[in-house]
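Letter by letter, the chains look like this.
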Amino acid sequence: MAIYRIFPDKTATLYSRYPLFSTGLDEIMEVDSYFVGDIGYVARTVIAFNTQEQKDLINNEISSSLATKGLNLLNFSSSLRAYLAEGKEVPIEYKVEAYPLFDSWARGTGKFGDVPYATDGVTWTLTNPPTSWTNPPAANTTASYSGSGAVEGGLWYTGSNGISLYHSQTHTVNSTHDLDIDVTNSVKLHYSHSIGQTQYGLSNNGFILKLTGSLEFESGSSLFQTSRNMFLKYFSATTHTIYPPALEFKWDDTIRSTTLTQVTDDNPVITLSNNKGNYTDEGKQRFRLSVRPKYPTRTFATSSSYLTNYVLPATSYWGLRDENTEEMVIDFDTTFTKISADNTGNYFDVYMSGIQPERHYRVLIKTEIGGTTTINDGSNTFKVVRNG
């Protein structure tokens, strides 16, 4: 399996109430719908990830991994991740949408609440001041409009060549309210330069995050809601926490070709056999597992049975947990966190650049043996340190 995370180059919130506010350095990004008096307002977030880093990942890591399995280099999935900092007046059920942006945009140097407020970056009415959002909109795009017909609050694609670019996630009252929106179609079209405004030499202008139309607008009207308040605040690209948003790539690079004996003990001893303890936040680390029964069968032999390495069954997966917060950084996934095996033993790869540095992590192993599912929570820990 492989999971790779790219952190954003820039984020900003667009406020209909403050159409000239530039908030590219704000530590929070917002997706809101609210009213003041008898006037409704919304907030939307724009977010962009490094284009070249995405291309390099697909052309190199993903391509080589999938070629080994005889799979097409585009046989991957991508999701936009963001972590909730605060939610207020959230309904029992709601939907957040993500669309690829048409226009390029400038980050700017402002924060919400600055006095005087910054105007050098993207705003509700402008992309790169004094440039406005493209009008009239291009084919397969949509936007909101001012009373004078100007495009405001972003211009985004809804589809291209029969491919839907509508991405969304529904949350309920029991949800974590973090965002994990599948944006695979958009990422693949960004890669092929099939969408995006190319004025600045790039087709990838990132995404816009917004509430679904029924939460932004009054029913049957072009007016923003004046009967509902809801506020969603997420950590942005400039957060000082360990929760920056990310574009997550997943693909199956599992290879299982081994002559080693499969362990049958439903509570085996599993350790990292090559754990160095500290790793820089770059590159890829292959972790190897040492696996043996907890109570080996007694036999007459000239060497210790504890030196014999076994392999876990194919239904075995790995995960990463933050040692301090005890949150799962990479959760078990039956498709993308499968553990590989060769004649040396089990192994899996971790891309260190997608993990927050100066943190300790614990490796968890989930396996199904003889109808019993167990999670190995041993002392398999390591630290990621910042390079330089």
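Refer to the structure presented above.
Quick look at the structure, then. What you see is a predicted model, and the numbers here were worked out from it, not measured in a lab.

1. Quick look at the overall build of the protein
- Along the protein, the regular secondary structure elements total 3 helices and 28 strands.
- Counting only C-alpha atoms and orienting by the principal axes, one finds that the protein spans roughly 90 × 45 × 40 Å.
- Taken across its 388 residues, the protein has 49% of its residues classed as buried.
- Residue pairs in contact within the protein that sit at least 24 positions apart in sequence constitute 72% of those at least 6 positions apart.
- Accessible area of the protein: about 17500 Å², with a carbon and sulfur share of 47%.
- Distance between charge centroids for the protein: 6 Å, based on 31 positive and 40 negative side chains.

2. As for the nonpolar core
- In this structure, F249 and W251 are the most contacted members of the largest nonpolar core, which totals 32 residues.
- Looking at this core, the element that brings in the most residues is helix α1 (residues 51-68), giving 4 residues.
- Not counting residues within four places of it along the chain, the set of residues in contact with F249 comprises A2, I3, Y4, I6, Q54, L57, I58, I62, F76, S77, S78 and V187.
- Residues I270, F287, L320 and V384 belong to the second largest nonpolar core, which totals 25 residues.

3. Observations concerning the layout of surface pockets
- Estimated volume of the largest pocket: approximately 590 Å³.
- Together, 33 residues line the largest pocket, and R5, R81, Y83, M328 and V329 are the ones closest to its centre.
- Here the lining of the largest pocket is composed, by residue class, of 14 nonpolar, 8 polar and 11 charged.
- The space that makes up the second largest pocket amounts to roughly 320 Å³.
- F7, P244, Q356, P357 and R386 are, among the 15 residues lining the second largest pocket, the residues nearest its centre.
- Its residues placed into classes, the lining of the second largest pocket shows 7 nonpolar, 5 polar and 3 charged.

4. Re the pairing of strand β10 (residues 141-145)
- Examined bridge by bridge, β10 and strand β11 (residues 151-157) share 5 bridges and lie antiparallel to one another. Each bridged residue has a counterpart across the sheet, and for A143 the counterpart in β11 is L155.

5. What about the sheet that holds strand β25 (residues 346-351)?
- The strand order β19-β21-β25-β24 describes an open sheet built from 4 strands, whose pairing is antiparallel. Since the sheet does not close on itself, it has two edges, and those belong to β19 (269-272) and β24 (340-341), each with one partner.
- The sheet contact formed by strand β21 (residues 284-292) and β25 spans 6 bridges and is antiparallel. The residue bridging Q285 from the neighbouring strand is V350, located in β25.

6. A closer look at α1
- The end-to-end C-alpha separation of α1 is 25 Å, in line with the 26 Å expected for 18 residues at 1.5 Å each.
- At I62, α1 shows its maximal bend, which comes to roughly 35 degrees.
- Within α1, the full set of buried residues consists of T51, Q54, K55, L57, I58, I62, S65 and L66.
- In this structure, the buried side of α1 is in contact with β1 (2-6), α2 (184-191) and β18 (246-251).

7. Thoughts on α2
- Regarding α2, the residues found buried are T184, S186, V187, L189 and H190.
- Within two residues after α2, H193 carries a phi angle of roughly 60 degrees, on the positive side.

8. Some words on the sheet that holds strand β5 (residues 77-82)
- On the basis of which strands lie adjacent, the open sheet formed by 4 strands has the order β1-β18-β5-β15 and antiparallel pairing. Two strands bound the open sheet, and with one partner strand each, they are β1 and β15 (179-182). The average undirected angle you get between the axes of adjacent strands in this sheet is 25 degrees.
- The sheet contact formed by β5 and β18 spans 5 bridges and is antiparallel. Within β18, the residue paired with S77 across the bridge is K250.
- Contacting β1 and β18, α1 runs over the sheet at an angle of about 15 degrees to β18.
- Strands in contact with α2 are β5, β15 and β18; relative to β5, the strand with the most contacts, it is inclined by about 115 degrees.

Reading the values: rules and limits
Residues numbered from 1 in each chain as written. Predicted model: local features only at pLDDT ≥ 70, side-chain atom pairs only at ≥ 80, totals over all residues. Heavy atoms only, no water. Helix = DSSP H or I, 4+ residues; strand = E, 2+ residues; numbered from the N terminus. Buried < 20%, exposed > 50% of the residue type's maximum accessible area, 1.4 Å probe, protein only. Contact = heavy atoms within 4.5 Å. Areas by Shrake-Rupley, 256 points an atom, 1.4 Å probe, with all protein chains shown as cover. Lys, Arg positive; Asp, Glu negative; His and termini not counted. Charge placed at Lys NZ, Arg CZ, Asp CG, Glu CD. Core = buried A, V, L, I, M, F, W, Y, C linked by side-chain atoms within 4.5 Å. 1 Å grid on protein atoms, 1.4 Å probe; cavity = no way out; pocket = protein on both sides within 12 Å on 5 of 7 lines; lining within 4 Å. Points joined across faces, edges and corners; volume = space filled by probe spheres on them. Nonpolar A, V, L, I, M, F, W, Y, C, P; charged D, E, K, R; others polar. Pairing = 2+ DSSP bridges. Expected span 1.5 Å × (residues − 1). Bend = angle between axes of the 7 residues up to and from the residue. Axes fitted to C-alpha atoms, helices over the stretch in contact; angles between N-to-C directions.

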